[in-house]
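These are the residues of each chain, in order.
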Amino acid sequence: MTAPPPRTVIENCAVATVDAHDTEHPTGHIVVAGNRIESIGPGPAPEALDGVVRRVDGTGHLATPGLVNTHHHFYQWLTRGLAQNSGLFDWLTALYPVWARIDEPMVYEAARASLAMMARGGVTTAMDHHYVFPRGAGDLLGAEIRAARELGVRFHPTRGSMDLGASAGGLPPDFAVETTDEALAATEAAIDAHHDPSPGSMLRVGVAPCSPFSVSTRLLREAAALARRKGVRLHTHGSETVEEERFCKERFGMGPTDYLDSTGWLGDDVWMAHCIHMNDADITAFARTGTGVAHCPSSNARIAAGTAPVPALLAAGVPVGLGVDGTASNETGELHTELRNALLVHRLAGGPGALTVRQALRLGTHGGARVLGRADDLGSLEPGKLADLVLWRLDGLGHSTVADPVAALVLGPPAPVTLSLVDGRTVVEDGRLVTADEEGIARHARTQARRLALLAAGG
């Protein structure tokens, strides 16, 4: 007789499922069996359950799906707080020479710190867009993958690339780019080595040339063809600044959306970061093709890039998720704060009805899962879905007088994470990572940041 799967029961908590009907339970329960959600509903869990290995009393808490981060640059953890008063192009010009000196130990520690910061704040699925590959730097993508595996976070790394250096009319310096053939070969090798397409996968690799101003047309076209031949998703930056729009019109005779469309970069297997400077025709094109958007409100504000038209994108049916972005332009490194920032930014731009607290929560959960192509498995609390969930503590001083738990989570101060499960396994408990030593991560990241600063200074 087959033994029942180990079960974890969470009960007496408020539950926001973020399912298609926005089902919520003021007091409810969740039963996890193995790595899947077995049942969810109002009131206490059934008493007669076999194989229960843990019961969690969620009194004073809100259970939600785990947060899904849709855009990041982990290596930037080592260059936080620099170029503080620069727009995007000046910010990049200041930091490219530093980033061109990263190596495998640096990227590993930066990835551990970036992932740890997100995980302790409720992120259960993370992506990274790594596009700087100095010669002789080691296995940079492999270092990130190793860090995610050790911390127990579901991971969607993308193998980025740049092949358009300054001498060819691009923004990055020539020493920071690869050749087109090198980039394509390395991208295919990364997919072959790491991508896991299986149901419930903890690791899926994407293809991610950096941006229209750092990548050749040939690389964009051939990278899109490579991704579709391999059956993986595509990611890039798009419509981030007015300078990018000017670059595309001067170089290609069209705006970023039309240019990317001409190279095969619109489709339901594509998502783009930022998408700030979009007109009605751009939004219509994204909606028609199912192209997704990674919205990064704090980073957009930090470099004064503008406000993305997220309410219009949502109204048109475009998949939209939230992104931390690199911590050189969002030094907090957290995604749960983006729920509040997204709501505030869009109400400033569009009035009190521009975004609700439940829309903000959906952006950070189900919206992100749609963007990453994982909505069948992730992003909502429903029977049969993967057990990636978070239990937020809302009975402390900071949330004590907010009766609506979703409003407390989104509008209130950052809520402590009492429990975070990824694939049914505990990653965070009582606000602390259980899969890694946070102080050790901080110490090693500081060491690598100092190494990088010395190398950049010629030391």
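Residues numbered from 1 in each chain as written. Predicted model: local features only at pLDDT ≥ 70, side-chain atom pairs only at ≥ 80, totals over all residues. Heavy atoms only, no water.

As for the overall build of the protein
Next up, step 1: For the protein, the helix and strand inventory stands at 14 helices and 17 strands.
Next up, step 2: The C-alpha atoms of the protein give a radius of gyration of 21 Å, which matches the 23 Å a tight globule of 459 residues would have.
Next up, step 3: C-alpha atoms of the protein, sized along the principal axes, occupy 70 × 45 × 45 Å.
Next up, step 4: Counting every position in the protein, which comprises 459 residues, the buried fraction comes to 59%.
Next up, step 5: Contacts in the protein between residues far apart in sequence, at least 24 positions, make up 74% of those at least 6 positions apart.
Next up, step 6: As displayed, the protein has an accessible area near 16,800 Å², and 53% of this comes from carbon and sulfur atoms.
Next up, step 7: The distance from the centre of the 39 positive side-chain charges to the centre of the 52 negative ones in the protein is 2 Å. (Helix = DSSP H or I, 4+ residues; strand = E, 2+ residues; numbered from the N terminus. Rg over C-alpha atoms; globule rule 2.2 N^0.38 Å. Buried < 20%, exposed > 50% of the residue type's maximum accessible area, 1.4 Å probe, protein only. Contact = heavy atoms within 4.5 Å. Areas by Shrake-Rupley, 256 points an atom, 1.4 Å probe, with all protein chains shown as cover. Lys, Arg positive; Asp, Glu negative; His and termini not counted. Charge placed at Lys NZ, Arg CZ, Asp CG, Glu CD.)

Things to note about the UniProt feature "domain: Amidohydrolase-related" (unreviewed entry) in the protein
Next up, step 1: Mapped onto this numbering, the UniProt entry annotates "domain: Amidohydrolase-related" (unreviewed entry) at residues 63-424.
Next up, step 2: Annotated as residues 63-424, this span is 41% helix and 15% strand, and its ends, taken at the C-alpha atoms, are 14 Å apart. (UniProt positions renumbered as here; feature names shortened; annotations may be inferred.)

Some words on the pattern of salt bridges
Next up, step 1: Under the criterion given, the structure shown has 28 salt bridges.
Next up, step 2: In this structure, the salt-bridge partner of Glu-222 is Arg-218, at a minimum N-O distance of 2.9 Å. Taken together, the positions of Glu-222 and Arg-218, both in helix H5 (residues 217-230) and 4 residues apart, correspond to about one turn of that helix.
Next up, step 3: Classification of Arg-218 by relative accessible area gives partly exposed; the value is 39%. (Salt bridge = Lys/Arg side-chain N within 4 Å of Asp/Glu carboxyl O.)

A short note on the packing of helix H4 (residues 180-194) against H5
Next up, step 1: Packing of H4 against H5 brings their axes to within 10 Å, and their N-to-C directions diverge by 20 degrees. Our classification of the angle between H4 and H5 gives roughly parallel. In this structure, the crossing between H4 and H5 has a hand that is right-handed. Here Thr-180, Asp-181, Ala-183, Leu-184, Thr-187, Glu-188, Ile-191 and Asp-192 of H4 come into contact with H5, specifically with Arg-218, Leu-219, Glu-222, Ala-223, Leu-226, Arg-229 and Lys-230.
Next up, step 2: For the contact of H4 with H5, the residue count by class is 6 nonpolar, 2 polar and 7 charged. (Axes fitted to C-alpha atoms, helices over the stretch in contact; angles between N-to-C directions. Parallel < 35°, antiparallel > 145°, perpendicular 65-115°, else oblique. Left-handed = near helix turned anticlockwise from the far one by under 90°. Nonpolar A, V, L, I, M, F, W, Y, C, P; charged D, E, K, R; others polar.)

Quick word on the packing of helix H2 (residues 104-119) against helix H3 (residues 140-151)
How two helices pack is summed up by the angle between their axes together with the distance between the axes.
Next up, step 1: Viewed as axis vectors pointing N to C, H2 and H3 meet at an angle of 35 degrees, and their least axial separation amounts to 8 Å. The interaxial crossing formed by H2 with H3 has right-handed handedness. Contact with H2, carried on its side by Glu-104, Val-107, Tyr-108, Ala-111, Arg-112, Leu-115 and Ala-116, involves Leu-140, Ala-143, Glu-144, Arg-146, Ala-147, Ala-148, Glu-150 and Leu-151 of H3 and no other residues of that element.
Next up, step 2: The class makeup of the residues in the contact of H2 with H3 is 10 nonpolar, no polar and 5 charged.

Details of empty space enclosed by the protein
Next up, step 1: Enumeration over the complete set of coordinates arrives at 2 cavities of 30 Å³ or more.
Next up, step 2: Looking at the largest cavity, its volume works out to about 130 Å³.
Next up, step 3: For the largest cavity, the lining is made up of 18 residues, of which Leu-88, Trp-91, Leu-92, His-237 and Glu-240 are closest to its centre.
Next up, step 4: Each residue belonging to the lining of the largest cavity can be placed in one class, and the counts come to 8 nonpolar, 8 polar and 2 charged.
Next up, step 5: Put simply, the second largest cavity is a space of about 50 Å³.
Next up, step 6: Lining the second largest cavity we find Ala-16, Thr-17, Val-18, Asp-22, Thr-23, Glu-24, Arg-358, Leu-361 and Val-406.
Next up, step 7: Classifying every residue of the lining of the second largest cavity gives 4 nonpolar, 2 polar and 3 charged. (1 Å grid on protein atoms, 1.4 Å probe; cavity = no way out; pocket = protein on both sides within 12 Å on 5 of 7 lines; lining within 4 Å. Points joined across faces, edges and corners; volume = space filled by probe spheres on them.)

Things to note about the side chain of His-195
Next up, step 1: Locating His-195 in the fold gives a position in the loop between H4 and strand E9 (206-209).
Next up, step 2: Not counting the four nearest positions on each side in its chain, His-195 is found in contact with Ala-190, Leu-203, Arg-204, Val-205, Gly-231 and Val-232.

Re the pairing of strand E2 (residues 24-33)
Next up, step 1: The element E2 is extensively covered by neighbouring structure, given that 7 of its 10 residues are classed as buried.
Next up, step 2: The pairing of strand E1 (residues 7-16) with E2 spans 8 bridges and is classified as antiparallel. For Thr-8, the partnering residue across the bridge sits in E2 and is Val-32.
Next up, step 3: Examined bridge by bridge, E2 and strand E3 (residues 36-42) share 6 bridges and lie antiparallel to one another. Counted as the bridge partner of Ile-30 is Ile-40 from E3.
Next up, step 4: Turn length for the E2-E3 hairpin, with the two strands adjacent in sequence and antiparallel, is 2 residues, and the turn residue Gly-34 shows positive phi of about 65 degrees. (Pairing = 2+ DSSP bridges.)

Some remarks on the pairing of strand E8 (residues 154-161)
Next up, step 1: Within E8, 8 of the 8 residues are buried, which leaves the element mostly enclosed by the surrounding structure.
Next up, step 2: Residue alternation in E8 divides its side chains into two sets, Arg-154, His-156, Thr-158 and Gly-160 and Phe-155, Pro-157, Arg-159 and Ser-161, and both sets are buried.
Next up, step 3: Where strand E7 (residues 123-130) lies against E8, 6 bridges are found, and the strand directions are parallel. Residue pairing for E8: Ala-126 is matched across the bridge by Phe-155.
Next up, step 4: In this region the chain leaves E7, passes through H3 and returns to the parallel neighbour E8; the handedness of that crossover is right-handed.
Next up, step 5: Of the strand pairs in this sheet, E8 and E9 are connected by 4 bridges, and their pairing is parallel. (Right-handed = clockwise from strand over helix to strand, strands pointing away.)

Regarding H5
Next up, step 1: When the terminal C-alpha atoms of H5 are compared, their 20 Å separation across 14 residues agrees well with the 20 Å that a helix rising 1.5 Å per residue should span.
Next up, step 2: Against the buried residues of H5 lie E8, H4, E9, strand E10 (234-238) and helix H7 (256-262).
Next up, step 3: The positive-phi residue at the C-terminal boundary of H5 is Gly-231, with phi of around 75 degrees. (Expected span 1.5 Å × (residues − 1).)

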